[in-house]
Amino acid sequence: MNKAWIFGAAALVGVAVSACGDDNDGVNPMDGYIEALDAMYPGASRVAEWERESGYVVAEFRDAGGFDVDVWYMPSEPVWVMTVTEGATVDDLPEAVSTALTTGDYASWSVDDIDYYERPDMQFYVIDVEARGQKDVSLYYYPDGELIKAVAEDDHDILPNTKI
């Protein structure tokens, strides 16, 4: 066998294996994912990136309101499992959530970050708050203003299968 041919074949195998990397590697969406995204978010014509994150296929784009949106799909087929919208302010919250936040136990704390999660079975907000000399806290609210829980912020990602 020709050594050049063997070297070329080995190089191709190396490229193929490296293309099967883990999280946050750019991915080319397989058939059906682009169509599923377009059906759910027709305004998402400028997808910044498709990637694999914790095994899921995720499309990232900025919506017409200027919010960063991550749309999560099952890894084996284009079945939607979660959307995360980032970049909201207190003014963007539903009135019930805003009222609960501004009248609750953490009313004097500063809002650091607000994310809105949509899943097939539920929707909720995660509002990260901070106060001088205190450990940051993540407040989980249903859209009707009900506080789900308040937990010390631990920088763990919320995945489609994370129990809330």
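Preceding this section is the structure that the text describes.
Just so it is clear, the model here is predicted, and its values are computed rather than measured.

1. Structural notes on the overall build of the protein chain
So, point 1. Check the secondary structure of the protein chain and you find three helices and eight strands.
So, point 2. Across the protein chain, helices and strands are ordered from the amino to the carboxyl terminus as α-α-β-β-β-β-α-β-β-β-β.
So, point 3. Out of the 164 residues in the protein chain, the part that is buried amounts to 32%.
So, point 4. Here the analysis covers contacts within the protein chain between residues at least 6 apart in sequence; of these, 40% occur between residues at least 24 apart.

2. Describing the sheet that holds strand β6 (residues 123-130)
So, point 1. Spatially, the eight strands line up as an open sheet ordered β1-β2-β3-β4-β5-β6-β7-β8, and their pairing is antiparallel. Each end of this open sheet is capped by a strand with a single partner; those strands are β1 (47-53) and β8 (147-152). Averaged over neighbouring strand pairs, the angle between their axes works out to 20° when direction is ignored.

3. Considering the side chain of Asp115
So, point 1. Within the secondary structure, Asp115 is located in strand β5 (residues 110-118).
So, point 2. For the buried Asp115, no salt bridge exists, and the shortest N-O distance to an oppositely charged side chain is 12 Å, to Arg62.
So, point 3. Discounting chain neighbours no more than four positions away, the residues touching Asp115 are Val84, Thr85, Glu86, Gly87, Phe124, Tyr125 and Val126.

4. Considering the packing of aromatic side chains
So, point 1. Following the criterion strictly, the structure yields nine aromatic pairs and no others.
So, point 2. An aromatic cluster is present here, built from Tyr33, Trp50 and Tyr73 joined pairwise through their rings.
So, point 3. Of note, Lys149 hangs over the ring of Tyr140, and the distance from its end group to the ring centre comes to 4.8 Å.

5. Quick look at the layout of surface pockets
So, point 1. Considered as a void within the structure, the largest pocket measures approximately 470 Å³ in volume.
So, point 2. Residue assignment for the lining of the largest pocket shows that the elements contributing at least two residues are β3 (68-73), β4 (80-86), β5, β6, β7 (137-141) and β8.
So, point 3. For the lining of the largest pocket, the per-class residue count stands at ten nonpolar, three polar and twelve charged.

6. Notes on the pattern of salt bridges
So, point 1. Inspection of the entire model under this criterion finds one salt bridge.
So, point 2. Residues Asp68 and Arg62 are paired through a salt bridge, measuring 2.8 Å at the closest nitrogen-oxygen approach.
So, point 3. For Asp68, a relative accessible area of 30% translates into the label partly exposed.
So, point 4. Overall, the relative accessible area of 54% leaves Arg62 in the exposed class.

7. Some words on the pairing of β5
So, point 1. In the sheet, β4 pairs with β5 via four bridges, with the strands oriented antiparallel. Across the sheet, residue Thr85 finds its bridge partner in β5, namely Tyr116.
So, point 2. Where β5 folds back on β6, the antiparallel hairpin that results is connected by four residues.

8. Brief notes about the environment of Ser76
So, point 1. Summarising the element assignment, Ser76 is placed in the loop between β3 and β4.
So, point 2. Its relative accessible area of 63% is what places Ser76 among the exposed residues.
So, point 3. Expressed as a C-alpha distance, the spacing of Ser76 and Gly55, which sit 21 residues apart in the sequence, is 9.5 Å.

9. Details of the environment of Tyr125
So, point 1. Checked against the element boundaries, Tyr125 lands in strand β6.
So, point 2. For the pair Tyr125 and Pro143, spaced 18 residues apart in sequence, the C-alpha to C-alpha distance is 7.1 Å.
So, point 3. Filtering out sequence-adjacent residues up to four positions away, Tyr125 remains in contact with Leu93, Pro94, Val97, Ile114, Asp115, Tyr116, Leu139, Tyr140, Tyr141 and Pro143.

Rules and cut-offs
- Residues numbered from 1 in each chain as written.
- Predicted model: local features only at pLDDT ≥ 70, side-chain atom pairs only at ≥ 80, totals over all residues.
- Heavy atoms only, no water.
- Helix = DSSP H or I, 4+ residues; strand = E, 2+ residues; numbered from the N terminus.
- Buried < 20%, exposed > 50% of the residue type's maximum accessible area, 1.4 Å probe, protein only.
- Contact = heavy atoms within 4.5 Å.
- Pairing = 2+ DSSP bridges.
- Axes fitted to C-alpha atoms, helices over the stretch in contact; angles between N-to-C directions.
- Lys, Arg positive; Asp, Glu negative; His and termini not counted.
- Salt bridge = Lys/Arg side-chain N within 4 Å of Asp/Glu carboxyl O.
- Phe/Tyr/Trp six-rings, centres within 6.5 Å; stacked < 30°, edge-to-face > 60°.
- Lys NZ or Arg CZ within 6 Å of the ring centre and 35° of its normal.
- 1 Å grid on protein atoms, 1.4 Å probe; cavity = no way out; pocket = protein on both sides within 12 Å on 5 of 7 lines; lining within 4 Å.
- Points joined across faces, edges and corners; volume = space filled by probe spheres on them.
- Nonpolar A, V, L, I, M, F, W, Y, C, P; charged D, E, K, R; others polar.

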